Amino acid sequence: MTKASAPGKIILFGEHAVVYGRPAIAVPVSQVYAEATINPHTDARVIIDAVDVARRYDLGSAPSDDPLATMIRLTCARFDATPSHFSVRIHSTIPIASGLGSGAAVSVSIARALSRYLGAELPPDEISALAYQVEKLHHGTPSGVDNSVIAFERPVYFVRDRKIESFRIAQPFLLAIADTGIAAPTRIAVGDVRRGWEKDRARFESLFDKMGVIADKARKAIETGQVERLRHLMNANHILLREIGVSSPDIERLILAATTAGAHGAKLSGAGRGGNIIALVNEVTQDKVERALLKAGAKRVIISRVETKF
Ligand code: MEV
């Protein structure tokens, strides 16, 4: 039996704009994870067992755009191996379509476990590249930020088609990550933004530019320990995300609840339209903000400490 896991992620700044070449900052979230287990068996078939969605099926009959099957095929191809005589069990605690990178984490956990099973665990850049192929099935124009932050398991400063950079978190800080409970596939929000951009490129490009400037300022603030600067940057980034049309009444309700209860800045995180919001808290405000978020309808609140672990 060979097992491997991969964490969730949150985007701190720059979602959507990152698809259009601007920088984004993302960090892993270890409180949630996906886990893949490879079990050899005597049957020649490869069985995929997605336990959380109660789906058990044969790799041979999986359609060509099935994300789990694709990840298995790609990893085996990397080792020139014909997939046979094993099962892949996938379990994830990351809510689907919530902005926490569930799809990328499942892909990364499969690539890690299967490459280990086939001989040698691949390095993060190769795992990330394989997972990126699957991200393309989830939505046509992924930036690659999700698979990168999850495969490297480090805070990343990410610009599309550039070598990924990690950065130092000078002063750890706390985030409340609150789930609206609305599953919102990335593909839909990214597609709508694309249509908006096609209709009015000048306006969208200027909004993306502003998001890029915010991501750069945020990186500097985080690297120099000026966490108090994130308040304004988070709020400003959220207003821009609202302007490109990816907020929703549920998101706005949670953001208002968090800021009213004393959060020092809040924004949606990920593709939007549902999924999670993030709010900056500290040891004094975290309980009050968490209670307010739950009262306002959050399905779950995770308090995550953002820090450099290497
Ligand atoms: C999704 O987690 C982040 C988006 O920016 C899409 C992407 O980067 O591919 C919305």
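Would you mind showing me how to read the site of the ligand here?
As a structural note, the neighbourhood of the ligand is formed by Lys9, Ile11, Glu15, His16, Val18, Val19, His139, Pro142, Ser143, Val145, Asp146 and Ala271. In this structure, Ser143 approaches the ligand through a side-chain N or O atom, which is 2.5 Å from an oxygen atom. At a separation of 3.1 Å, an oxygen atom of the ligand approaches a polar side-chain atom of Asp146. Protein chains bury 97% of the 300 Å² of accessible surface belonging to the ligand in isolation. Breaking the shell around the ligand down by element, the ones donating at least two residues are β1 (2-13) and α4 (145-152). Its residues assigned to classes, the shell around the ligand comprises six nonpolar, three polar and three charged.

What should I look at first to understand the packing of aromatic side chains in this one?
Aromatic rings considered in pairs are described by the distance between their centres and by the relative angle of their planes. Applying the stated criterion across every chain, the model contains four aromatic pairs. When the ring of Tyr20 is compared with that of Phe208, the centres are 4.5 Å apart and the planes differ by 20°; the resulting orientation is stacked. Of the two residues, Tyr20 sits in the loop between β1 and β2 (24-40) while Phe208 sits in helix α6 (residues 201-223), which places them 188 residues apart along the sequence. Each member of the pair, Tyr20 together with Phe208, is buried. Measuring from ring centre to ring centre gives 5.5 Å for Phe86 and Tyr117, while their planes differ by 65°; the resulting arrangement is edge-to-face. Of this pair, Phe86 sits in strand β5 (residues 86-92) while Tyr117 sits in helix α2 (residues 102-118), placing them 31 residues apart in sequence. Judged by relative accessible area, which is 2%, Phe86 ranks as buried.

I would appreciate a short explanation of the sheet that holds strand β11 (residues 300-306) in the present structure.
Within a sheet, neighbouring strands are paired by backbone hydrogen bonds and run either parallel or antiparallel to one another. If you walk across this open sheet you meet the four strands as β9-β10-β8-β11, and the pairing is antiparallel. Both edges of this open sheet fall to β9 (266-269) and β11, since each of them pairs with a single strand only. On average, each strand axis in the sheet is inclined to that of its neighbour by 30°, with strand direction left out of account. Helix-sheet contacts for helix α7 (residues 230-243) involve β8 (173-179), β9 and β10 (276-281), and the interaxial angle to β9 is about 50°.

Is there a simple way to think about α7 in this case?
One turn of the α-helix equals 3.6 residues, which is why residues spaced by three or four share an orientation. The end-to-end C-alpha distance of α7 is 20 Å, a good match for the 20 Å that 14 residues give at a rise of 1.5 Å each. Those residues of α7 lying buried are Leu230, Leu233, Met234, Ala236, Asn237, His238, Leu240 and Leu241. If you follow the buried residues of α7, they end up packed against β1, β8, α6, α8 (249-260), β9 and β10. Two residues or fewer past α7, Gly245 is found with a positive phi of approximately 90°.

Sorry, what's going on with the pattern of salt bridges here?
A pair can form between side chains of opposite charge whenever their charged atoms are brought close. The full count for this structure, using the stated rule, is 19 salt bridges. Asp49 is the salt-bridge partner of Arg56, the closest N and O atoms lying 3.4 Å from each other. As a salt-bridge pair, Asp192 and Arg273 come within 2.7 Å of each other at their nearest N and O atoms. Taken together, the positions of Asp192 in helix α5 (residues 186-199) and Arg273 in the loop between β9 and β10 put the pair 81 residues apart, joining distant regions of the chain. We classify Asp192 as partly exposed; its relative accessible area is 28%. Here Arg273 falls in the partly exposed class, since its relative accessible area comes to 29%.

Help me understand the environment of Val51 in this model?
Mapped onto the secondary structure, Val51 falls in the loop between β3 (46-50) and β4 (55-58). It is 7.0 Å that separates the C-alpha atoms of Val51 and Arg89, two residues lying 38 residues apart in sequence.

Help me understand the side chain of Ser98 in this model?
Checked against the element boundaries, Ser98 lands in the loop between β5 and α2. On the accessibility criterion, Ser98 (3% relative accessible area) is buried. Beyond its immediate chain neighbours, meaning those up to four positions away, Ser98 contacts Asp179, Gly275 and Asn276.

What's the story with helix α1 (residues 67-78) in this structure? I'm lost.
For α1, built from twelve residues, the straight-helix expectation of 16 Å at 1.5 Å per residue is met to within 8% by its first-to-last C-alpha distance of 16 Å. Taken residue by residue, α1 has Leu68, Ala69, Thr70, Met71, Ile72, Thr75 and Cys76 as its buried positions. Among the structural elements, β3, β4, β5, α2 and α3 (124-138) are those in contact with the buried residues of α1. With its phi angle positive at about 50°, Asp80 sits one or two positions after the end of α1.

What counts and what doesn't
- Residues numbered from 1 in each chain as written.
- Predicted model: local features only at pLDDT ≥ 70, side-chain atom pairs only at ≥ 80, totals over all residues.
- Heavy atoms only, no water.
- Near = heavy atom within 4 Å.
- Polar contact = N/O pair within 3.5 Å; in protein donor to acceptor, adjacent residues only side chain to side chain.
- Areas by Shrake-Rupley, 256 points an atom, 1.4 Å probe, with all protein chains shown as cover.
- Helix = DSSP H or I, 4+ residues; strand = E, 2+ residues; numbered from the N terminus.
- Nonpolar A, V, L, I, M, F, W, Y, C, P; charged D, E, K, R; others polar.
- Phe/Tyr/Trp six-rings, centres within 6.5 Å; stacked < 30°, edge-to-face > 60°.
- Buried < 20%, exposed > 50% of the residue type's maximum accessible area, 1.4 Å probe, protein only.
- Pairing = 2+ DSSP bridges.
- Axes fitted to C-alpha atoms, helices over the stretch in contact; angles between N-to-C directions.
- Contact = heavy atoms within 4.5 Å.
- Expected span 1.5 Å × (residues − 1).
- Salt bridge = Lys/Arg side-chain N within 4 Å of Asp/Glu carboxyl O.

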